[in-house]
Amino acid sequence: MIIDVRNLLPQHKTKVWSKRKKTTHIIVHWTGSENQDPYVTAAYHVGPNHISKTGCPALCYHYYLTRDGSIFWCNDLDDWTWHAGGLYNKKSIGVVLAYKNSITPEQYKNAIEIVSELAKRYSVPIKNILGHKETLLASTECPGTCIDMHDFRRNVAISLKRD
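Description of the overall build of the protein
And step 1. Looking only at helices and strands, the protein features 4 helices and 8 strands.
And step 2. Taking 15 Å as the expected radius of gyration for a compact globule of 163 residues, we find that the protein reaches 14 Å, a close match to that expectation.
And step 3. Dimensions of the protein along its principal axes, counting C-alpha atoms only, are 45 × 35 × 30 Å.
And step 4. Residue burial in the protein is summarised as follows: out of 163 residues, 48% are buried.
And step 5. Residue pairs at least 24 apart in sequence account for 73% of intrachain contacts in the protein once pairs closer than 6 positions are excluded.
And step 6. Split by element, the accessible area of the protein, about 8400 Å² in all, is 54% carbon and sulfur.
And step 7. Charge separation in the protein, taken as the distance between the mean sites of 21 positive and 15 negative side-chain charges, equals 8 Å.

Put into structure tokens, the structure is as follows:
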């Protein structure tokens, strides 16, 4: 089940997302913290932060998966959010998992499920499902060491073949 929190999360008082015309990529992220939820992360993003000194319009990911595997829908899918750098932001959907040292089986299963659904809906090729660190010019370890993106893409491909 997907929990729609798009109108419930903290948002910047004056900034709004631009709209994306086409989706060609899905970028997978981690929070780098075990016990966060979309409300805490959104509050951080709309204030001065590492992405913008004046804050972001809202939470910078489209989907947020908590430790128990819950999937939160955080932004409209055509919102041009600031999750992976300019080149990728304008053409991708961002999916983040809340973890630091370990990922739960529920998170992994549901991440495969939501990414598979998005890949099918937007005809995103498997090769265009990337970990943040796989994007051009990225200087990050995101999505951490607990997600092997080669295995993740293989599992998405298997999921898509079942459908």
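Quick look at helix 1 (residues 38–46)
And step 1. All of the buried residues along helix 1 are P38, T41, A42, H45 and V46. The buried residues of helix 1 all sit within an arc of 130° when viewed along its axis, so they share a single face.
And step 2. Elements in contact with the buried residues of helix 1: strand 4 (63–65) and strand 5 (71–73).
And step 3. Backbone nitrogen of Y39 and a side-chain oxygen of the N-cap are separated by 2.8 Å at the start of helix 1; the cap is D37.

Structural notes on the sheet that holds strand 8 (residues 129–131)
And step 1. Taken in spatial order, the 6 strands make up an open sheet running 1-5-4-7-3-8, and their pairing is mixed. The sheet is open, and its two edges are formed by strand 1 (2–4) and strand 8, each paired on a single side. Sheet twist, expressed as the average angle between the axes of neighbouring strands with direction ignored, equals 25°.
And step 2. Both strand 3 (residues 25–30) and strand 8 contribute to a ladder of 3 bridges, which runs parallel. Note that in strand 8 the partner of V28 across the bridge is G131.
And step 3. This element, helix 3 (residues 105–122), spans strand 1, strand 3, strand 4, strand 5, strand 7 (92–97) and strand 8 of the sheet and lies at about 175° to strand 7.
And step 4. Each of strand 3 and strand 8 touches helix 4 (residues 149–162); the most contacted strand, strand 8, lies at about 155° to it.

What to know about a nonpolar patch on the surface
And step 1. A cluster of nonpolar side chains, namely I51, W80 and W82, defines an oily patch on the protein surface of about 240 Å² accessible area.
And step 2. Tracing the chain through its elements places W82 in the loop between strand 6 (79–80) and helix 2 (86–89).
And step 3. Residue classification places W82 among the partly exposed positions, given a relative accessible area of 31%.

What about the pattern of salt bridges?
And step 1. Counted under the stated rule, the structure contains 7 salt bridges.
And step 2. The shortest N-O distance in the salt bridge between K19 and D79 comes to 2.5 Å. Here K19, found in strand 2 (residues 18–19), pairs with D79, found in strand 6; they are 60 residues apart in sequence, far enough to count as distant.
And step 3. In this structure D79 comes out as buried when scored by relative accessible area, which is 6%.
And step 4. Three or more residues are tied together by salt bridges with common partners; here these are D4, R6, K19, D76, D78 and D79.

Regarding unusual backbone geometry
And step 1. A cis amide bond, omega 15°, links C142 with the succeeding residue P143.
And step 2. Tracing the backbone shows P143 in the loop between strand 8 and helix 4.
And step 3. Positive phi is not limited to glycine here, since S123 has a value of about 55°.
And step 4. Position of S123 among the secondary structure elements: in the loop between helix 3 and strand 8.
And step 5. A residue is classified by how much of its surface remains accessible, and S123, at 63% relative accessible area, is exposed.

Cut-offs and rules
- Residues numbered from 1 in each chain as written.
- Predicted model: local features only at pLDDT ≥ 70, side-chain atom pairs only at ≥ 80, totals over all residues.
- Heavy atoms only, no water.
- Helix = DSSP H or I, 4+ residues; strand = E, 2+ residues; numbered from the N terminus.
- Rg over C-alpha atoms; globule rule 2.2 N^0.38 Å.
- Buried < 20%, exposed > 50% of the residue type's maximum accessible area, 1.4 Å probe, protein only.
- Contact = heavy atoms within 4.5 Å.
- Areas by Shrake-Rupley, 256 points an atom, 1.4 Å probe, with all protein chains shown as cover.
- Lys, Arg positive; Asp, Glu negative; His and termini not counted.
- Charge placed at Lys NZ, Arg CZ, Asp CG, Glu CD.
- Arc of directions from axis to C-beta.
- Polar contact = N/O pair within 3.5 Å; in protein donor to acceptor, adjacent residues only side chain to side chain.
- Pairing = 2+ DSSP bridges.
- Axes fitted to C-alpha atoms, helices over the stretch in contact; angles between N-to-C directions.
- Patch = residues over 30% accessible without salt bridge, like charges linked within 9 Å, V, L, I, M, F, W, Y side chains within 5 Å.
- Salt bridge = Lys/Arg side-chain N within 4 Å of Asp/Glu carboxyl O.

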